[in-house]
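Chain by chain, the residues:
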Amino acid sequence: MKTKSSPAARAGSTKAPRPAKRNGDAKNRRGSPDAVEKRRAARRFNELLLGGGGRAGDGRTERRRRRLLAELAEGVARRGKRALKPIDVLSRVEELLELGEPLASIRKACPPPPPVEVTAELVEGLRHLHRAYGFSADVYRFVGLDAHALRRAGVLRGSGEQGASA
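Below: a short report on this structure.

Thresholds, definitions, all that
Residues numbered from 1 in each chain as written. Predicted model: local features only at pLDDT ≥ 70, side-chain atom pairs only at ≥ 80, totals over all residues. Heavy atoms only, no water. Patch = residues over 30% accessible without salt bridge, like charges linked within 9 Å, V, L, I, M, F, W, Y side chains within 5 Å. Areas by Shrake-Rupley, 256 points an atom, 1.4 Å probe, with all protein chains shown as cover. Salt bridge = Lys/Arg side-chain N within 4 Å of Asp/Glu carboxyl O. Helix = DSSP H or I, 4+ residues; strand = E, 2+ residues; numbered from the N terminus. Core = buried A, V, L, I, M, F, W, Y, C linked by side-chain atoms within 4.5 Å. Buried < 20%, exposed > 50% of the residue type's maximum accessible area, 1.4 Å probe, protein only. Axes fitted to C-alpha atoms, helices over the stretch in contact; angles between N-to-C directions. Left-handed = near helix turned anticlockwise from the far one by under 90°. Contact = heavy atoms within 4.5 Å. Nonpolar A, V, L, I, M, F, W, Y, C, P; charged D, E, K, R; others polar. Expected span 1.5 Å × (residues − 1). Phe/Tyr/Trp six-rings, centres within 6.5 Å; stacked < 30°, edge-to-face > 60°. Arc of directions from axis to C-beta.

On to a nonpolar patch on the surface, then. A contiguous nonpolar patch, built from F45, L49 and L50 and spanning about 390 Å² of accessible area, is present on the exposed surface. Relative to the helices and strands, F45 is located in helix α2 (residues 33–50).

For the rest of this paragraph, the subject is the nonpolar core. One finds L72, V89, V93, I106, L126, Y140 and F142 to be the most contacted residues of the largest nonpolar core, which totals 25 residues. Residue assignment for this core shows that the elements contributing at least two residues are α3 (59–74), α4 (86–98), α5 (103–109), α6 (120–133) and α7 (147–153). In terms of residue count, α4 provides more of this core than any other element does, four residues in total.

On to the packing of α3 against α4. At a minimum axis distance of 10 Å, the contact between α3 and α4 shows a crossing angle of 145 degrees. Once α3 is placed against α4, the crossing between them reads as left-handed. Taking contact as the criterion, the partners of R64, R65, L68, L69, E71 and L72 in α3 are, on α4, V89, R92, V93, E95 and L96. By residue class, the composition of the contact of α3 with α4 is six nonpolar, no polar and five charged.

For α6, spanning 14 residues, the distance from its first C-alpha to its last is 20 Å, which sits close to the expected 20 Å at 1.5 Å a residue. Looking at the residues trailing α6, positive phi occurs at G134, about 70 degrees.

So, about the packing of aromatic side chains. Considering all chains together, one arrives at two aromatic pairs under this definition. Judged by centre distance (5.0 Å) and plane angle (10 degrees), the rings of Y133 and F135 are stacked. Here the aromatic rings of F135 and Y140 are separated by 6.2 Å at their centres, their planes lie at 75 degrees, and the arrangement is edge-to-face. Its relative accessible area of 6% is what places F135 among the buried residues. Judged by its relative accessible area of 0%, Y140 falls in the buried class. Of the aromatic side chains, those joined through ring pairs into one cluster are Y133, F135 and Y140.

Across its 16 residues, α3 extends 22 Å between first and last C-alpha, which sits within 8% of the 22 Å expected from 1.5 Å per residue. Those residues of α3 that sit buried are L68, L69, E71 and L72. Projected down its long axis, α3 shows its buried positions confined to an angular sector of 160 degrees, all on one face. Residues of α3 that are exposed and point more than 90 degrees away from the buried face comprise R63 and E74. Packed against the buried residues of α3 are β1 (76–77), α4 and α5. Where α3 ends, the next residue or the one after it, G75, has phi of about 80 degrees, a positive value.

Listed below in structure tokens is the structure:
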């Protein structure tokens, strides 16, 4: 005789299975873009009214800042388990800037990347990436992209945009 806890007994059950949680169905909306933007706006507003130029981070923020800088310096993520991809570098630099880390200290931690050859495919890919992520123009230097490539992709405004069709 089979018990109720056996897989065979559960397979014949008339009970409807619970729907699997999907990313959009989660009841916790803490990570939604709207909620994130509201928290950022509230922090900026509080800093403006309280007169604090830079807020003191809690212990978790400081540990995260140190970890991100160390990962950039070593070129690997999560204690050396995998190499950082260019998108990983961009996201870490962007996050450090949001935490208030100066560009100079990020430059010290991150080894200079080799220059990248600017092709039409790269410019188009950069355009799509910038539309999707909205990284600040400064972070692209950390993956070897110069101002010329950023102008061609429309990230920076300037005289290089008419050359984008070439």
